[in-house]
Amino acid sequence: MNSQKNDLSKNLKMVYGYPMIYAFANKENIEQFQSRPDDMVIDTCPKSGTIWISEIVGSLKDRDIKKCKQDFITATVPTLEMSLPRLRNSGIEQLEKNEAPRLVKTHLPIDLVHKSFWENNGKNPKQEIKKVIQFLGKKLNDEILDRIIHHTSYEMMKDNPLVNYTYLPSTVMDHSKSSFMRKGIVSDWKNYFMAAQSEECYAIYKKEMSGTELQFQTEI
C-alpha cells in the first residue's frame, strides 16, 4: 500500500508467526524491551477496552486525575511495540523516558510477554475498578474512587483529546472514516453482522479456541 495511506489500515505483518497490525509489528522493539520489576503491563486484544483500562490504571497509579490530563496517553501509557515514523517517539523510546513505576501497554500474544497481564470490562465500573485497585495493592477512599469512575467513563473519554487519538495525524489514524471511540457498547457487532456472518465467526472462534480454558464475555 502507498506509504501515505493510514498506517493502521495496512496489511497485517507476520511477527514470530503471529499476524500483527502494521504499526505494532516491530520485531526489534519486542526483542530490545527490558522490563523492570515494578512495570505494570496491560496486555489486551485490540479494541477490547485497552484505553479505558489504561486510563483507570494511570489514575490509580498517581492517585491524581490531574496528572492524566497533562499529556497524551501515548506518552503516559506507551504501546511497547508501536513504532511509526510520524510519531514523536516509538514505544520503547517513550518507555525509557518514563519514570518508575511504568505503565506498559501491549497487544502482543501472551507468550511474547513475560509479565503478568490482565483485562477488564464495563459491566459495573465501580466493581471492576475495585478489582484493579486490589490487583495493584492500592488503597483509595470513596471520593477519589468516584472521581476516577467519572473521569474514565465512556462519555468523558470519548471527548478527551488526550486519550481519543484525535491528536494523531490522519496518515496514522483517519477519524473521518471512523472515530477511535465508537459507541462503548458491548456486542455492537450484532447490529452489523447478518446471522450467517455471526455463525461463521462463531465457528472459527470455536475451532481456534478449542483446547483452551479462556472464556470471553460478549454480552452484558
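Just so you know, these numbers come straight off a predicted model, no measurement behind them. Numbers given for residues are sequential positions, taken from 1 along each chain in its written order. A pLDDT threshold of at least 70 governs which residues receive local features in this predicted model, and a stricter bar of 80 or more applies before side-chain atom pairs are shown or counted, although totals over entire chains, interfaces and linings include all residues. Side-chain measures here rest on the full set of heavy atoms in the structure, leaving out hydrogens and waters.

A word on the pattern of salt bridges. Note on definitions: salt bridges are taken to be side-chain nitrogens of Lys or Arg within 4 Å of carboxyl oxygens of Asp or Glu. Applying the stated criterion to the full structure yields 4 salt bridges. The residue Asp39 makes a salt bridge to Arg102 at a minimum N-O spacing of 2.8 Å. Of this pair, Asp39 sits in the loop between helix H1 (27–32) and strand S3 (40–43) while Arg102 sits in the loop between helix H5 (91–97) and strand S4 (103–106), and the two are 63 residues apart along the sequence. Among the ionic pairs, Lys126 bridges to Asp146, the shortest N-O distance being 3.7 Å. On the criterion of sequence distance, the pair formed by Lys126 in helix H6 (residues 125–136) and Asp146 in helix H7 (residues 142–151) is long-range, its members being 20 residues apart. Where helices and strands are cited, they refer to DSSP runs of H or I of at least four residues and of E of at least two residues respectively, numbered from the N terminus.

In an α-helix, one turn spans 3.6 residues; hence positions three or four apart end up facing the same way. Multiplying 1.5 Å by the helix residue count minus one yields the expected span of that helix. The terminal C-alpha atoms of helix H9 (residues 195–208) lie 20 Å apart, and with 14 residues this matches the ideal 20 Å at 1.5 Å per residue to within 8%. Each residue is placed in one exposure class: buried if its accessible area under a 1.4 Å probe, protein chains only, is under 20% of its type's maximum, exposed if it is over 50%, and partly exposed if it falls in between. The element H9 is largely exposed, with a buried count of 0 among its 14 residues.

To continue, consider H6. Helix length check: H6 (12 residues) gives 16 Å between terminal C-alpha atoms against 16 Å at 1.5 Å per residue, within 8%. Among all positions in H6, only Glu128, Ile129, Val132, Ile133 and Leu136 are buried. Projected onto a plane normal to the axis of H6, the buried residues spread over an arc of 150 degrees and lie on a single side. An arc is given here, and it is the one of the directions from the helix axis to the C-beta atoms.

Now for the packing of H6 against H7. Direction vectors running N to C along H6 and H7 enclose 115 degrees, while the axes themselves pass 10 Å from each other. In this structure, H6 crosses over H7, and the sense of that crossing is right-handed. The segment H6 lies against H7, with Pro125, Lys126, Ile129, Lys130 and Ile133 engaging Leu145, Asp146, Ile148 and Ile149. Throughout this entry, Asp, Glu, Lys and Arg are counted as charged residues, while Ala, Val, Leu, Ile, Met, Phe, Trp, Tyr, Cys and Pro are counted as nonpolar. The remaining residues, Gly among them, count as polar. Within the contact of H6 with H7, the residues separate by chemical class into 6 nonpolar, no polar and 3 charged. Here an angle of 0 to 180 degrees is reported between the N-to-C directions of two axes, which are lines fitted to C-alpha atoms, with helices fitted over the stretch in contact. In this scheme the handedness of a crossing depends on how the near helix is turned from the far one: anticlockwise by less than a right angle means left-handed, clockwise means right-handed. When checking whether two residues touch, look at their non-hydrogen atoms; a contact exists if any pair is within 4.5 Å.

Let us look at the packing of aromatic side chains. When two rings of Phe, Tyr or Trp (its six-membered ring) have centres within 6.5 Å they constitute a pair, described as stacked for plane angles under 30 degrees, edge-to-face for angles over 60, and tilted for the intermediate range. By the definition in use, this model includes 4 aromatic pairs. Where Phe72 meets Tyr167, the ring centres are 3.9 Å apart and the plane angle is 25 degrees; that geometry is what we call stacked. Taken as a pair, Phe72 in the loop between helix H3 (65–68) and helix H4 (73–76) and Tyr167 in the loop between helix H8 (154–157) and H9 lie far apart in primary sequence, 95 residues in all. Residue classification places Phe72 among the partly exposed positions, given a relative accessible area of 28%. The rings of Phe72, Tyr165, Tyr167 and Phe180 are connected pair by pair, giving a single aromatic cluster.

Let us now look at a nonpolar patch on the surface. Taken together, Trp189, Tyr192 and Phe193 make up a surface patch of nonpolar side chains, about 320 Å² in accessible area. With respect to the element layout, Phe193 can be found in the loop between H8 and H9. For patch building, the residue pool is restricted to those with more than 30% relative accessible area and no salt bridge; the joining distance is 9 Å between like charges and 5 Å between nonpolar side chains (Val, Leu, Ile, Met, Phe, Trp, Tyr). For every accessible area listed, the method is Shrake-Rupley and the probe measures 1.4 Å; residues are considered covered only by the protein chains on display.

Below, the discussion takes up the confidence of the model for the chain. In predicted models, pLDDT denotes the confidence assigned by the predictor to each residue on a 0 to 100 scale. Per-residue confidence for the chain averages 79 on the pLDDT scale, and 85% of its residues sit at or above 70. Across the chain, the element-wise mean pLDDT spans from 70 in H3 up to 90 in S4.

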